[in-house]
Amino acid sequence: MATSSSLSFFSSTIFFSNSNTLHSSKQQQQKQLIFKPKQQQFSIRSEAAAATIPILSFDGTEVGSTTLNLKSAPLDTARAVVHRGLTTDLRNQRRGTASTLTRAQVRGGGIKPYPQKKTGRARRGSNRTPLRPGGGVVFGPKPKDWSVKINKKEKRLAISTALSSATQNAIVVEEFDDKFEKPKTKEFIDLMRRWGLDPKEKSLFLMTEVSDNVILSSRNISTLKMLTPRTLNLFDILDSEKLVFTKSAVEFLNERYGNDDDDDDDWEVVDEEEEDGGEVEESAESSE
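Residues numbered from 1 in each chain as written. Predicted model: local features only at pLDDT ≥ 70, side-chain atom pairs only at ≥ 80, totals over all residues. Heavy atoms only, no water.

Q: Teacher, can you tell me more about the overall build of the protein here?
A: What the protein contains, in helices and strands, is seven helices and eight strands. In the protein, which comprises 288 residues, the share counted as buried stands at 28%. Taking all contacts inside the protein whose residues are at least 6 apart in sequence as the whole, residues at least 24 apart take part in 68%. Here the protein has roughly 19500 Å² of accessible surface; of this, 48% comes from carbon and sulfur atoms. (Helix = DSSP H or I, 4+ residues; strand = E, 2+ residues; numbered from the N terminus. Buried < 20%, exposed > 50% of the residue type's maximum accessible area, 1.4 Å probe, protein only. Contact = heavy atoms within 4.5 Å. Areas by Shrake-Rupley, 256 points an atom, 1.4 Å probe, with all protein chains shown as cover.)

Pasting the structure below:
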């Protein structure tokens, strides 16, 4: 498998600076606090390369291997593409329903609380002023649309880049929908351990079809996400430590996010048809 340089997605320059030392006082000048590099949880590869992933059976034995060949953004734009796709998903999840009342919208406050003069107190015309509890809010939040737009190809490239960068922590398993005759969480945990997965670590299962018994057996495991192609999202990919794909899921990923140029060819065919139609219209006008 071809090797390629990688760039940490969560790394920061402060962890690699030689001058990151702290001195609490003159007496502790000899004591230095050195920042060690943070453990890389996710890395973005510079080039898209076909990754060979082992296939495990239901018993946990290796029965073969498969190839996952996905598109990946170049090194200079990979982090930006993934970051934009992630922030877009998070912003589009915001409902934007937070709302506060101004002093004109708060109910009450129509009567003057006390006389204007002869009280020794400041003049006050309403109890609903923002300076008093129960009053209005100055410059408070109002309903807002937080959604942002992202191109379909850019979103697809962000997901494929994240998946191709996480192939080192991915395994492929055989279909196991029919293996669970009844819901049993203990049996699902034993299955994860046979595959070398720690139930305490975050895992993502991508399956094209999920049976009811599998859903009921895995839903009590808080560290596990059971996704389908319809619910596949960028946040869960980046948030997981282990990825588990079925054979059908690998075929779907290679077809959906594969490293090919079929989309460009389709656009070229459409353009040629439009050009031909334009020539026919021009000839018809000239004949008239």
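Moving on from the coordinates now.
Q: What is the right way to read the environment of Asn213 from this model?
A: Looking at the element boundaries, Asn213 is found in helix 4 (residues 212-218). In this view, Asn213 contacts Phe180, Glu181, Lys182 and Pro183; residues no more than four positions away in its chain are not counted. Engagement of the side chain of Asn213 in a polar contact is seen with the backbone oxygen of Glu181, the distance being 3.3 Å. (Polar contact = N/O pair within 3.5 Å; in protein donor to acceptor, adjacent residues only side chain to side chain.)

Q: Sorry, what's going on with helix 3 (residues 185-194) here?
A: In an α-helix, one turn spans 3.6 residues; hence positions three or four apart end up facing the same way. Those residues of helix 3 lying buried are Phe188, Leu191 and Met192. The arc that holds every buried residue of helix 3, seen down its axis, measures 100°, which confines them to one face. The exposed residues of helix 3 that point more than 90 degrees off its buried face are Lys186 and Arg193. (Arc of directions from axis to C-beta.)

Q: In this structure, what is going on with the packing of aromatic side chains? I would like to understand it.
A: Counted by the stated rule, this structure contains nine aromatic pairs. A ring pair is formed by Phe58 and Phe180, whose centres lie 6.3 Å apart and whose planes are at 80°; its orientation type is edge-to-face. In this pair, Phe58 sits in the loop between strand 3 (51-56) and strand 4 (62-68) while Phe180 sits in the loop between strand 5 (170-173) and helix 3, placing the two residues 122 residues apart along the sequence. Taking the relative accessible area as the measure of exposure, Phe58 reaches 21% and is therefore partly exposed. An aromatic cluster is present here, built from Phe58, Phe176, Phe180, Phe188, Trp195 and Phe205 joined pairwise through their rings. The ring of Tyr114 has Arg121 sitting right over it, with the charged end atom 4.4 Å from the ring centre. In this structure, Lys144 is placed above the aromatic ring of Trp146, and the distance from its NZ or CZ to the ring centre is 3.9 Å. (Phe/Tyr/Trp six-rings, centres within 6.5 Å; stacked < 30°, edge-to-face > 60°. Lys NZ or Arg CZ within 6 Å of the ring centre and 35° of its normal.)

Q: What is the right way to read the environment of Phe188 from this model?
A: Counting through the fold element by element, Phe188 comes out in helix 3. Ignoring sequence-local partners within four residues, the contact set of Phe188 consists of Phe176, Phe180, Phe205, Val214, Ser217, Ser218, Ile221, Leu224 and Met226.

Q: Where do I start with the packing of helix 1 (residues 75-92) against helix 2 (residues 152-165) in this structure?
A: Pairs of packed helices are described in terms of their axes, by the angle between the two and the distance that separates them. Where helix 1 meets helix 2, the closest approach of the two axes is 9 Å, and the angle between their N-to-C directions is 110°. With respect to each other, helix 1 and helix 2 are oriented roughly perpendicular. Seen from above, helix 1 lies across helix 2 with left-handed handedness. Between helix 1 and helix 2, the residues in contact are Ala78, Val81, Val82, Arg84, Gly85 and Asp89 and Glu154, Lys155, Leu157, Ala158 and Thr161, respectively. Among the residues forming the contact of helix 1 with helix 2, the class breakdown is five nonpolar, two polar and four charged. (Axes fitted to C-alpha atoms, helices over the stretch in contact; angles between N-to-C directions. Parallel < 35°, antiparallel > 145°, perpendicular 65-115°, else oblique. Left-handed = near helix turned anticlockwise from the far one by under 90°. Nonpolar A, V, L, I, M, F, W, Y, C, P; charged D, E, K, R; others polar.)

Q: It is not clear to me how the pairing of strand 4 should be interpreted in this structure. Could you clarify?
A: Relative to strand 4, strand 3 runs antiparallel, the two being bridged by six bridges. Looking at strand 4, one finds that Ala51 is bridged to Leu68. Between strand 3 and strand 4, which follow one another and run antiparallel, lie five residues, and Gly60 among them has a positive phi close to 95°. (Pairing = 2+ DSSP bridges.)

Q: Quick question: what am I supposed to make of the sheet that holds strand 5 here?
A: Hydrogen bonds along the backbone pair up the strands of a sheet, which may run parallel or antiparallel. The mixed open sheet is built from six strands, whose spatial order is 4-3-5-8-6-7. Looking along the sheet, the strands with just one partner apiece sit at the ends: strand 4 and strand 7 (224-227). The average undirected angle you get between the axes of adjacent strands in this sheet is 25°.

Q: What's the story with the nonpolar core in this structure? I'm lost.
A: Across soluble globular proteins, nonpolar side chains show a tendency to be buried alongside one another. With 29 residues, the main nonpolar core has Leu163, Leu206, Leu232, Leu234, Phe245 and Leu253 as its most contacted residues. Secondary structure elements with two or more residues in this core: strand 3, helix 1, helix 2, strand 5, strand 6 (203-206), helix 5 (234-239), strand 8 (242-246) and helix 6 (247-257). The contact partners of Leu234, leaving out residues within four places of it in the chain, are Val82, Gly85, Leu86, Asp89, Ala158, Ile159 and Ala162. (Core = buried A, V, L, I, M, F, W, Y, C linked by side-chain atoms within 4.5 Å.)

Q: It is not clear to me how the packing of helix 2 against helix 6 should be interpreted in this structure. Could you clarify?
A: Between helix 2 and helix 6, the shortest axis-to-axis distance is 11 Å and the interhelical angle comes to 135°. Relative to helix 6, helix 2 is oriented oblique. The way helix 2 lies across helix 6 gives a crossing that is left-handed. Facing helix 2, whose interface residues are Arg156, Ile159, Ser160 and Leu163, helix 6 presents Leu253, Arg256 and Tyr257. Across the contact of helix 2 with helix 6, the residue classes break down as four nonpolar, one polar and two charged.

Q: Explain the environment of Gly258 to me, please; I cannot follow it from the model alone.
A: Within the fold, Gly258 resides in the loop between helix 6 and helix 7 (262-287). Judged by relative accessible area, Gly258 falls into the buried class, the value being 6%. Separated by 189 residues in sequence, Gly258 and Asn69 place their C-alpha atoms 5.7 Å apart. Among all residues touching Gly258, those that are not within four sequence positions of it are Asn69, Leu70, Lys71 and Leu253.

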